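Per-entry structural report
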Amino acid sequence: MTSPAAAPVDAAAREQWWRSAVIYQVYIRSFADGTGDGMGDIAGLRSRLGYLRDLGVDAVWINPWYPSPMADAGYDVADYRDIEPLFGTLDEAEALIAEAHEHGLKVVLDIVPNHSSSEHPWFTEALAAGPGSPERARYIFRPGRGEHGEQPPNDWQSAFGGGAWTRVSEPDGRPGEWYLHLFDAGQPDFDWTSPDVRAEFMSVLRFWFDRGVDGFRIDVAHGLTKEPGLPDIGDDADRFLAADQHGQHPHWDRLDVQEVYEAWREVADSYDPPRMFCAEAWVASPDRLVEYVKEGRLHTAFNFDFVRAPWDAEELRSIIETSLDSHATVGAATTWVLSNHDIVRDVTRFGRPDADEGAPGGRRGGHLHAGPGPVDVELGRKRARAAALLMLALPGAAYVYQGEELGLEEVLDLPGDVRQDPAWTRSGGEQVGRDGCRVPIPWRHSGNSLGFGTDGSWLPQPAGWAQLSVEAQQGDPGSMLELYRAALRLRREHPALGDGGLHWRDLGSDVVSFARDPGFACVVNLGPEPVALPREARVLLTSGPLGQERLGDPALPVDTAVWLAV
Ligand code: TEU
């Protein structure tokens, strides 16, 4: 156990590991099942720490593992200071943290401050205490509109479909107030003007930092504060995307949310070594994102512009450049993300016929959500290999979502009766939801649940995943797993990789090409024709076989990336 330092530490003098780390996302329900109940758990994760060390990542981020009724796969937290029995115990969590550290891996947890579970004791107390009570002031309870309060207080919508308000029965049994939930009804939003709420989360941060946790990913970091008066949004929510409307949306990305993070940063900086934060903030522009990482606020924020990017060289160059430039204005490191537990797996996105068109659903990225339509999985996998080399060569930190290193695709044909995402149930099947990117990891090429556990898995795995299992891929130099291992090894060894800058090199409009000092270059061909590689270069790693342009000169085939020593 590490204790807070007696005197504040000089953060600048310490190694800022988050500026260059590769952080592996463990979706604990689906990573490894050590207890044989079909659900991933801490025992499973502990047994696979050696795999993560050998893969070559620097840290793990573990999705919520707290006690939860699982209305939203653990993002409905009933107790912020304990472990969900399905996943293990607090003792096991502490053992895991210690063992991860022994393997040289940092541990990042997921904190969920926008809402609790409706089974959190505070919410139960709020229901019992009735209107106007201090217990209700921790959440957002309001009387309804209409003659008998039968209409919700405003027009806000749940991210999972349907309205964002649910009416409660008062202690006397009569229909009463409504409470706000921007997500599922089992996830009531906290009122962040409440001093109790602010104090509670500072205490929760300390609880886990005292147990050696190295940082937190902050769930829905852009959602905590709401406009006083809770005004209607109306039909044109997109008007808030205009630059002069930034910070004006009634519940997303408001300016005063930063006060919360300024207070949290002081807590993180009071530890030795200082702890780290990464914001999950879906915001309108890079300029808005850097608000979260200004000095004295959070260290990093997920770069969702990169994940929303189409498979198009010009757009990728522009997003990379804008991300680097905007972060440089505040001295923060960028992050890069290709997939996570909320969005369609990259193999499937890149294998869609419209992969070069990006996000038709606007800035929230319609293509990130599963829908019908043909997918060329082999094409997607080829591009995903190239995208991995691109991501891992860029300056800053990178996140790898479990299974990305195996080239797993989105499982699009899960039967409705196994789906658990509230987006599926709340939208009446209109949104297929996110279960397709949460299917348990195949570890072995045979056996029950392909080595995930001993007694099946909570979501069925496609039969074809035997060939994508860790066992099938390891030692096969052409596999996705060995590509990731080789790239992560080089990234550790090569002085040009990780934090730093880049210089663009012009190899034509269909090519993303840049150099990093000393002596490194990355070239990705997104065009329809092979491109000639610079003659003087020596190949360090490629995402696929190189062609022969002319006698002696290697060419970079379509949808292929290469790392070069220059
Ligand atoms: O996601 C927040 C978010 O804004 C979206 O990615 C959301 O999942 C999507 O709009 C729903 O279709 C975070 C978590 O990553 C997600 O898993 C949780 O469901 C959500 O918060 C609520 O805690």
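One can find the structure itself at the top, above this paragraph.
Quick summary incoming for the structure in this document. (Residues numbered from 1 in each chain as written. Predicted model: local features only at pLDDT ≥ 70, side-chain atom pairs only at ≥ 80, totals over all residues. Heavy atoms only, no water.)

**As for the overall build of the protein**
We apply this condition: Numbered from the N terminus, helices here are DSSP runs of H or I no shorter than four residues, and strands are runs of E no shorter than two. All radius of gyration figures rest on C-alpha atoms, and the globule criterion is 2.2 Å times the number of residues raised to 0.38. Buried, partly exposed and exposed residues are distinguished by accessible area as a fraction of the type maximum, computed with a 1.4 Å probe on protein chains only: under 20%, between the cut-offs, and over 50%, respectively. Per-residue accessibility takes into account occlusion by the displayed protein chains alone, with areas from the Shrake-Rupley method and a 1.4 Å probe. Only four residue types enter the charge count: Lys and Arg as positive, Asp and Glu as negative, with His and the chain ends excluded. Lys charges are placed at NZ, Arg charges at CZ, Asp charges at CG and Glu charges at CD.
Counting its regular elements, the protein contains 14 helices and 19 strands. In terms of C-alpha radius of gyration, the protein reaches 24 Å, essentially the compact-globule figure of 24 Å for 566 residues. By its C-alpha atoms, the protein is 85 × 55 × 55 Å across when sized along the principal axes. Of all 566 residues assigned to the protein, the portion counted as buried reaches 60%. If you sum the accessible surface of the protein, you get close to 21,200 Å²; carbon and sulfur atoms cover 50% of it. Between the mean site of the 51 positive side-chain charges and the mean site of the 88 negative ones, the protein shows a separation of 3 Å.

**Re the sheet that holds strand 11 (residues 397-401)**
To keep it simple, the criterion reads: Think of it this way: DSSP has to see at least two bridges between two strands before they count as a pair. Residue contacts are counted whenever heavy atoms from the two residues lie within 4.5 Å of one another. Where helices are involved, their axes are fitted lines through C-alpha atoms of the stretch in contact, as for all axes, and angles between N-to-C directions lie from 0 to 180°.
Overall, parallel pairing links the 8 strands, which are arranged 9-8-7-3-2-1-11-10 in an open sheet. The open sheet has two edge strands with one neighbour each: strand 9 (300-301) and strand 10 (335-337). Sheet topology places strand 10 next to strand 11; 3 bridges connect them, and they run parallel. Considered in strand 11, the bridge of Val-337 is made with Tyr-399. Here helix 6 (residues 257-269) sits on the sheet in contact with strand 3 (106-111), strand 7 (215-218) and strand 8 (276-279), set at roughly 150 degrees to strand 8.

**Some words on the site of the ligand**
Spelled out, the test is: Whether a residue is near a molecule or strand depends on its heavy atoms: if one lies within 4 Å, it is near. Under the scheme applied, nonpolar residues are Ala, Val, Leu, Ile, Met, Phe, Trp, Tyr, Cys and Pro; charged residues are Asp, Glu, Lys and Arg; polar residues are all the others, including Gly.
Neighbouring the ligand are 17 residues, the closest being Asp-72, Arg-217, Asp-219, Asp-342 and Arg-434. Look at the ligand: alone it shows 490 Å² of surface, and the protein chains cover 97% of it. A breakdown of the residues in the shell around the ligand according to their chemical character gives 5 nonpolar, 4 polar and 8 charged.

**A short note on the packing of helix 5 (residues 195-209) against helix 6**
For any two helices packed against each other, the geometry is given by the interaxial angle and the distance between the axes. Quick note on the threshold: Orientation labels follow simple angle bins: below 35 degrees gives roughly parallel, above 145 gives roughly antiparallel, 65 to 115 gives roughly perpendicular, and whatever is left gives oblique. By definition, any crossing whose near helix is turned counterclockwise from its far helix by less than a right angle is left-handed, and any crossing with a clockwise turn is right-handed.
Running from amino to carboxyl end, helix 5 crosses helix 6 at an angle of 30 degrees, the nearest separation of the two axes being 10 Å. By the angle between their directions, the pair helix 5 and helix 6 is classed as roughly parallel. In this structure, helix 5 crosses over helix 6, and the sense of that crossing is right-handed. Two secondary-structure elements touch here, helix 5 through Arg-198, Phe-201, Met-202, Leu-205, Arg-206 and Phe-209 and helix 6 through Glu-259, Val-260, Ala-263, Trp-264, Val-267 and Ala-268. Considered class by class, the residues forming the contact of helix 5 with helix 6 number 9 nonpolar, no polar and 3 charged.

**Observations regarding the packing of helix 11 (residues 377-393) against helix 14 (residues 480-493)**
Close contact between helix 11 and helix 14 brings their axes to 10 Å; oriented N to C, the two are set at 10 degrees. On the basis of their axis angle, the class for helix 11 and helix 14 is roughly parallel. Residues Arg-381, Ala-384, Arg-385, Ala-388, Leu-389, Met-391 and Leu-392 of helix 11 lie in contact with helix 14, whose contacting residues are Met-480, Leu-483, Tyr-484, Ala-487, Leu-488 and Arg-491.

**Some details on the packing of aromatic side chains**
The line we're drawing: The rule is short: rings of Phe, Tyr and Trp, with Trp giving its six-membered ring, pair when the centres are within 6.5 Å, and they are stacked under 30 degrees, edge-to-face over 60, tilted in between.
The tally for this structure, following the rule as stated, stands at 36 aromatic pairs. With a centroid separation of 5.0 Å and 85 degrees between ring planes, the pair formed by Phe-123 and Tyr-139 is classed as edge-to-face. Of this pair, Phe-123 sits in helix 4 (residues 121-129) while Tyr-139 sits in the loop between helix 4 and strand 4 (141-142); the two residues are 16 residues apart in sequence, bridging distant segments of the chain. Phe-123 sits in the buried class, given a relative accessible area of 2%.

**Digging into the nonpolar core**
Formally: Nonpolar core, defined: a set of buried Ala, Val, Leu, Ile, Met, Phe, Trp, Tyr and Cys residues in which side-chain atoms within 4.5 Å join the residues together.
Of all hydrophobic cores here, the largest spans 153 residues; its most connected members are Leu-52, Trp-65, Trp-208 and Trp-563. Of all the elements, helix 11 adds the most residues to this core, at 9 residues. Once residues within four sequence positions are removed from consideration, Trp-65 is found in contact with Ile-28, Ile-42, Asp-82, Ile-83, Glu-84, Phe-87, Ala-93, Leu-96, Leu-109 and Trp-208.

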